[in-house]
Amino acid sequence: MQYLIVEDQLPAVILTLNRPEQRNALSTGLMRELIDTLKQQCQNPDCRVVILRGAGPVFSAGHDLRELLNRTLEQEREIFSICADLMQTIQRIPQPVIASVHALATAAGCQLVATCDLAIASENAKFATPGVKIGLFCSTPQVALSRNIGRKRALEMLLTGRVIDARTAADWGLVNRVVAPEKLDAEVIELAKQIANASPLTLKTGKQSFYRQIDMDQASAYDTMAQTMADAAMTCDAQEGIGAFIEKRAPVWQGK
């Protein structure tokens, strides 16, 4: 890996953005490595949770602006298409992805946090979508941002580019919670372990169903999820989990 550190801390796999001198800017090379690695972990039966973090003093400063200068329209489109593929890959893989945010996350870095299924932030973390200040509105980051914090708050961040602190990010719903810097790693690992106790099949179908229903109207969501839940109830793991609960014993998951 040129831009990414991959560590097994099973049942979690930790992916660390490793361009600290470039503030972990999301170059096309880094984004491609992330996409490929996430797809590889998708096939890893021992990986139940993916943790995403950044090396150095910044979580991620967003796109590598040097890649956006003096390019053709097709080249610009390719960069943002790769970014969109990365964000959708995070939500498509079966494992929940947790962002461990120790410091500043801006523009596409903020988008990355918003895209992850869960996020825990250090008290030192800050968030912003400052593209408006350099003449390049954060149009792709707003997709994830507006789906996390709502229209008014998203537009305030997008139109002003101002930085919000970790407590505000938690209050607005951009991150799940905020912890002391020295407790961040332990808190993220503990959350990963809690998630990993569940059946891997249940995690996969649950995550997929969440994103499938979230943008549906209520009636369609209930119709679709009723069928999804009925199908899930027929799986071996659901029958095992229900039986184990009734019998007051620990379930033994088969992943099917």
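Above this text you will find the structure in question.
Residues numbered from 1 in each chain as written. Predicted model: local features only at pLDDT ≥ 70, side-chain atom pairs only at ≥ 80, totals over all residues. Heavy atoms only, no water.

## Topic: the packing of helix H1 (residues 28–42) against helix H2 (residues 73–92)
Between H1 and H2, whose axes approach to 9 Å, the crossing angle comes to 30°. When the axis of H1 is compared with that of H2, the two are roughly parallel. Crossing hand, H1 versus H2: left-handed. Between H1 and H2, the residues in contact are Thr28, Met31, Arg32, Leu34, Ile35, Leu38 and Lys39 and Glu78, Ile79, Ile82, Cys83, Asp85, Leu86, Thr89 and Ile90, respectively. Its residues assigned to classes, the contact of H1 with H2 comprises nine nonpolar, two polar and four charged. (Axes fitted to C-alpha atoms, helices over the stretch in contact; angles between N-to-C directions. Helix = DSSP H or I, 4+ residues; strand = E, 2+ residues; numbered from the N terminus. Parallel < 35°, antiparallel > 145°, perpendicular 65-115°, else oblique. Left-handed = near helix turned anticlockwise from the far one by under 90°. Contact = heavy atoms within 4.5 Å. Nonpolar A, V, L, I, M, F, W, Y, C, P; charged D, E, K, R; others polar.)

## Quick look at the packing of aromatic side chains
Taken as a whole, this structure holds one aromatic pair when the rule is applied. Relative to Tyr211, the ring of Phe210 has its centre 5.2 Å away and its plane inclined at 90°; by these criteria the two rings are edge-to-face. For Phe210, a relative accessible area of 42% puts it in the partly exposed group. (Phe/Tyr/Trp six-rings, centres within 6.5 Å; stacked < 30°, edge-to-face > 60°. Buried < 20%, exposed > 50% of the residue type's maximum accessible area, 1.4 Å probe, protein only.)

## Section: the sheet that holds strand E6 (residues 104–106)
Spatially, E4-E6-E8-E9 is the arrangement adopted by the four strands of the open sheet, whose pairing is mixed. The two strands at the open ends of the sheet, each matched to only one other strand, are strand E4 (58–60) and strand E9 (164–165). The sheet contact formed by strand E8 (residues 126–128) and E9 spans two bridges and is antiparallel. When the bridges of E9 are listed, Phe127 appears paired with Ile164. Here helix H3 (residues 108–115) sits on the sheet in contact with E4, E6 and E8, set at roughly 100° to E6. (Pairing = 2+ DSSP bridges.)

## A few points about the nonpolar core
Leu86, Val101, Leu112, Val113, Phe127, Leu174 and Val175 are the most contacted members of the largest nonpolar core, which has 51 residues in total. If one sorts the elements of this core by residue count, H2 sits on top with six residues. Filtering out sequence-adjacent residues up to four positions away, Leu174 remains in contact with Cys110, Val113, Ala114, Ala119, Phe127, Leu145, Asn148, Ile149 and Ala169. Grouped together as the second largest cluster of nonpolar side chains are 14 residues, Ile14, Val179, Ala192 and Leu203 included. (Core = buried A, V, L, I, M, F, W, Y, C linked by side-chain atoms within 4.5 Å.)

## Some details on the sheet that holds strand E7 (residues 118–122)
Remark on secondary structure: sheet strands pair via backbone hydrogen bonds, oriented parallel or antiparallel. Ordered by their spatial adjacency, six strands build an open sheet running E1-E2-E3-E5-E7-E10, and the pairing between neighbours is mixed. Either end of the sheet is taken by a strand with one partner, and the two such strands are strand E1 (4–9) and strand E10 (177–179). The average undirected angle you get between the axes of adjacent strands in this sheet is 20°. Direction of pairing for strand E3 (residues 49–54) relative to strand E5 (residues 97–101): parallel, over a ladder of three bridges. Among the inter-strand pairings, Leu52 is bridged to a residue of E5, identified as Ala99.

## Concerning the packing of helix H8 (residues 200–213) against helix H9 (residues 218–233)
Between two packed helices, both the angle of their axes relative to each other and the distance between the axes serve to describe the pair. As a packed pair, H8 and H9 sit with axes 10 Å apart at the nearest point and diverge in direction by 165°. By the criterion of interaxial angle, the relationship of H8 to H9 is roughly antiparallel. Regarding H8 and H9, the two cross each other, and that crossing is right-handed. For the pair formed by H8 and H9, the contact residues are Ser209, Arg212 and Gln213 on the first element and Ala221, Thr224, Met225 and Thr228 on the second. In terms of residue class, the contact of H8 with H9 is built from two nonpolar, four polar and one charged.

Note that every value here comes from positions in space, so none of it alone points to a role or purpose.
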